[in-house]
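Chain and residue survey
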Amino acid sequence: MTNNNLVELRSFFAGKKYYVRTYGCQLNENDSEKISGILDEQGMTNTDNINAASVIVFNTCTIRENANDKIFGNLGIVKGIKRKSPDVIVILCGCMMKEEHNVTKVKSKYKFVDLIFGPSDIYKLPALLFNRMNEGGLICGIGDEDLIIEDLPVTHKKKFRALSTIIYGCNNFCSYCIVPYVRGRERSRAPEDVLKELKMLGDQGFKEVMLLGQNVNSYGKDFDSYDFADLLSDASKIDAISRIRFMTSHPKDTDRKLLDVMANGGNIMPHLHLPMQSGSDRVLALMNRKYSAGQYLDIVEYARKVIPDISITTDIIVGFPGEKEEDFSETLSLMERIRFDNAFTFMFSPRKGTPAADMDDQIPDDVMRERFSRLVKLQNKCTLESGMKTLNTVQTVLVEGLSQNSDKVYAGRTPHNRLVNFTCDKAIEEGDIVDVDITSVKTFSLNGRFLSFNSGNGG
Ligand code: 5AD
Ligand code: SF4
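A short tour of the structure in this document, coming up. Predicted model, so just to flag it, every value in this text is computed and none were measured. (Residues numbered from 1 in each chain as written. Chains lettered and ligands numbered in written order. Predicted model: local features only at pLDDT ≥ 70, side-chain atom pairs only at ≥ 80, totals over all residues. Heavy atoms only, no water.)

The subject of this paragraph is the packing of aromatic side chains. Centre distance and the angle of the planes are the two values used to describe a pair of aromatic rings. In this structure the tally under the stated criterion is 13 aromatic pairs. Judged by centre distance (6.3 Å) and plane angle (85°), the rings of tyrosine 176 and phenylalanine 320 are edge-to-face. Placement of tyrosine 176 in the loop between strand E8 (167-168) and helix H6 (179-183) and of phenylalanine 320 in the loop between strand E13 (311-318) and helix H12 (325-338) is noted, with a sequence separation of 144 residues between them. The class for tyrosine 176 is buried, based on a relative accessible area of 11%. In this structure an aromatic cluster arises from ring pairing among Phe72, Tyr110 and Phe112. The aromatic ring of phenylalanine 12 is capped on one face by lysine 16, whose charged end is 3.9 Å from the ring centroid. When the ring centre of phenylalanine 13 is taken as reference, the NZ or CZ atom of lysine 16 above it lies at 5.9 Å. (Phe/Tyr/Trp six-rings, centres within 6.5 Å; stacked < 30°, edge-to-face > 60°. Helix = DSSP H or I, 4+ residues; strand = E, 2+ residues; numbered from the N terminus. Buried < 20%, exposed > 50% of the residue type's maximum accessible area, 1.4 Å probe, protein only. Lys NZ or Arg CZ within 6 Å of the ring centre and 35° of its normal.)

Here you go:
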């Protein structure tokens, strides 16, 4: 793009409003923040009212079929808007756009879409918008190259926490997962770029930073001798940041070095999200996870040895092809033994092009649902039990804002990432760190009352 083109682009879009709807994980949220950053740079402003927007962006997710169904369903609303206001620009981007069958569907059934691109193509957005200004028809920005683009503008959606993607892509090819196909190979950002960004975020007043990657433990595998534990250790020296979190860790690469860095405490929060997926060695092998249930348990035990109060959360898939009742009971018994503080549980969803979608012995829906409900019942018991440990204690809470249902109740998170709703008469703000007395415990949240402002590091 020439400077003249950029001036033309800005004068066309300045003052107009955009709406961004994000589906899926925090990596996608961070991508949407970059899209917002680029649109803000054109002089546009964000709106939560889709009917008021001149540019509508759907940043899509394709991890499970229900994500796709929801997105295609919601596109129906956009069709109505576009019929009334044909000048509105409709953008579809993100993971779904890297699957050919979805692009074909958009081209044949959703002809009102103006512009499509994938997760690695965000930097092209100004040029694509410029093309759209000058041409009709569908503009396609989907590329095959897996680049790292530094210094894109970012508009952080939340004031209390900034997201920072440290590694893009995934090389693991778990047999059920579409991510390696749509987000490409692993690329680690240079440590100096990450640390420069983190320092800047701290200076800008963000209390919490979350380091993101499909598998953060792969960070640095493309360097000679600097890994995720080194990055976390360097990041923890940035005093302006009160809380550092990261996700997601893969058990096959979660080593003692990383847990030892976490054990130093400081601003690294005592929470590890460690997807187990299954407790059966047979199913884990079919999933291509490259660890056994025993190895998983070893990591958990070491983590609890060096960080005794650590909170450990997980992801579990039920109904993976070939999962027998014996396999499922192994999952349940490992969960009984570990007692996760929280778990995200999913029913297997076949993704076109992944090995698991074509495996024999797909599990019938009713069997999957029945297993799922047993799993959720057990986990809810463990989640409540984990929350009960905080009853009548004082927890340090990073304030996320007013709770949804009340103007006197605030919501925030403890270091262990537990959600707290608490009453407070003082004027407090998103990003404040406060001490809260926990007065009662529910399965998915704690209730409490404000005690005082906390001047420490929030850990
Ligand atoms: N079906 C069900 N769950 C899946 N996940 C990833 N792919 C699938 C799939 N095809 C789950 C895994 C992963 C989480 C982000 O989503 O548990 O850890
Ligand atoms: Fe998917 Fe496995 Fe990569 Fe996670 S590690 S994104 S589950 S392939």
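Let us now look at helix H9 (residues 256-263). In an α-helix there are 3.6 residues to a turn, and that puts residues three or four apart on one side. Here H9 has its buried residues at Leu258, Leu259, Val261 and Met262. On an axial view of H9, the arc spanned by its buried residues comes to 155°, and they lie on one face. Among the structural elements, helix H8 (228-235), strand E11 (243-247), strand E12 (271-273) and helix H11 (293-306) are those in contact with the buried residues of H9. Two residues or fewer past H9, glycine 265 is found with a positive phi of approximately 70°. (Arc of directions from axis to C-beta. Contact = heavy atoms within 4.5 Å.)

Here we come to the site of ligand 1. As a matter of local geometry, ligand 1 sits amid Ile63, Arg64, Tyr176, Gln277, Asp315, Ile317, Phe346, Met347, Phe348, Ser349 and Arg351. Separating an oxygen atom of ligand 1 from a side-chain N or O atom of arginine 64 is a distance of 2.9 Å. One of the side-chain nitrogen or oxygen atoms of glutamine 277 is found 2.7 Å away from an oxygen atom of ligand 1. Out of a free accessible area of 410 Å², ligand 1 has 86% covered by protein chains. Counting only elements with at least two residues in the shell around ligand 1, the list comes to E13 and strand E14 (342-347). (Near = heavy atom within 4 Å. Polar contact = N/O pair within 3.5 Å; in protein donor to acceptor, adjacent residues only side chain to side chain. Areas by Shrake-Rupley, 256 points an atom, 1.4 Å probe, with all protein chains shown as cover.)

Remark on secondary structure: sheet strands pair via backbone hydrogen bonds, oriented parallel or antiparallel. Spatially, three strands are ordered E7-E10-E11 in an open sheet, and the strand pairing comes out parallel. Sheet topology places strand E7 (161-165) and E11 at the edges, where each strand pairs with a single neighbour. For this sheet the average axis-to-axis angle between neighbouring strands, irrespective of direction, equals 20°. Where strand E10 (residues 208-212) and E11 come together, five bridges link them in parallel fashion. Its bridge partner lying in E11, valine 209 is registered against isoleucine 244. Helix-sheet contacts for helix H2 (residues 26-41) involve E7, E10 and E11, and the interaxial angle to E7 is about 100°. (Pairing = 2+ DSSP bridges. Axes fitted to C-alpha atoms, helices over the stretch in contact; angles between N-to-C directions.)

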